[in-house]
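A structural walkthrough
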Amino acid sequence: GDQVEQSPSALSLHEGTGSALRCNFTTTMRAVQWFQQNSRGSLINLFYLASGTKENGRLKSTFNSKESYSTLHIRDAQLEDSGTYFCAASAYQGGRALIFGTGTTVSVSP
Amino acid sequence: EAAVTQSPRNKVTVTGGNVTLSCRQTNSHNYMYWYRQDTGHGLRLIHYSYGAGNLQIGDVPDGYKATRTTQEDFFLLLELASPSQTSLYFCASSGREGNTEVFFGKGTRLTVV
């Protein structure tokens, strides 16, 4: 089965509101990354976490390796936050390659 | 910020054609990766390498070869391209110890007609 389960698959937000994306892992992961994919297809690095919580502006991410999950919180959503968000994690096997979730498409409306 | 450069950015080829996608990283990273992205699948690992001359098989390797000629350069080869290989291809790199953050190139959009 899939080792990285991402939810929800789609999320609609109004400007100024917030929500959370979540990834569950079926195996122990050494680190997690979150990406935003822009309209041109480029992957923008949002966070890299080996543990704990990081915050950057209106985004905050947590990685709980013991309980095998990670979250990405968006607060005060803006139109430019629209896009597809991916979590990806590296296991202790497999040469550090990232295993990707299937993505969350976020749509922010006025 | 780590730099990973892919070329070409766009490529159209015919079924049965021969295609080489190139990737160069200038961050002295040991690990390099090739992924493909298709709708509904996220990114899937094709091949990866942990140094010059090394090659490891990923999760979707069929129809692809790869070669790591130097620490900086990693190539993906499609020797008999098929329409099922139409996809967005990403190259990435990461370091050896400690911080294992992975950095991606901007992608190559390949269309096989």
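In the block above lies the structure referred to throughout.
Here goes a summary of the coordinates provided.

Rules used throughout
Residues numbered from 1 in each chain as written. Chains lettered and ligands numbered in written order. Predicted model: local features only at pLDDT ≥ 70, side-chain atom pairs only at ≥ 80, totals over all residues. Heavy atoms only, no water. Helix = DSSP H or I, 4+ residues; strand = E, 2+ residues; numbered from the N terminus. Contact = heavy atoms within 4.5 Å. Areas by Shrake-Rupley, 256 points an atom, 1.4 Å probe, with all protein chains shown as cover. Lys, Arg positive; Asp, Glu negative; His and termini not counted. Charge placed at Lys NZ, Arg CZ, Asp CG, Glu CD. Pairing = 2+ DSSP bridges. Axes fitted to C-alpha atoms, helices over the stretch in contact; angles between N-to-C directions.

1. A look at the overall build of chain B
The helix and strand tally for chain B stands at zero helices and 11 strands. The order of α-helices and β-strands along chain B, N terminus first, is β-β-β-β-β-β-β-β-β-β-β. When the backbone C-alpha atoms are referred to their principal axes, chain B occupies close to 40 × 30 × 25 Å. The long-range share in chain B, meaning contacts at least 24 apart out of those at least 6 apart in sequence, stands at 54%. Surface accessibility of chain B: about 5300 Å² in total, with carbon and sulfur atoms responsible for 49%. Here chain B holds 10 positive side-chain charges and 9 negative ones, and the gap between their average locations is 7 Å.

2. Quick notes on the sheet that holds strand β1 (residues 4–7) of chain B
Residue and element names in this part refer to chain B. Pairing is antiparallel in the open sheet, where four strands are placed in the order β1-β3-β8-β7. The open sheet has two free edges, formed respectively by β1 and β7 (65–68), since each of these has just one partner strand. For this sheet the average axis-to-axis angle between neighbouring strands, irrespective of direction, equals 15°. The pairing of strand β3 (residues 19–25) with strand β8 (residues 73–78) spans six bridges and is antiparallel. The residue bridging C23 from the neighbouring strand is F74, located in β8.

3. Considerations on the environment of T100 of chain B
Note on placement: T100 of chain B falls in the loop between β9 (87–94) and β10 (102–104). Considered as a pair, T100 of chain B and H29 of chain B are 71 residues apart in the sequence and their alpha carbons are 9.9 Å apart. For T100 of chain B, the residues in contact, after removing those within four places along its chain, are R30, A31, Q33, Y48, S90 and R96 of chain A together with S94 of chain B.

4. Remarks on the pairing of β8 of chain B
If a strand is regular, its side chains alternate between the two faces of the sheet. All names here are of chain B. Sheet topology note: the β7/β8 ladder contains four bridges and is antiparallel. Bridged to R68 within β8 is F74. From the end of β7 to the start of β8, which pair antiparallel, there are four residues.

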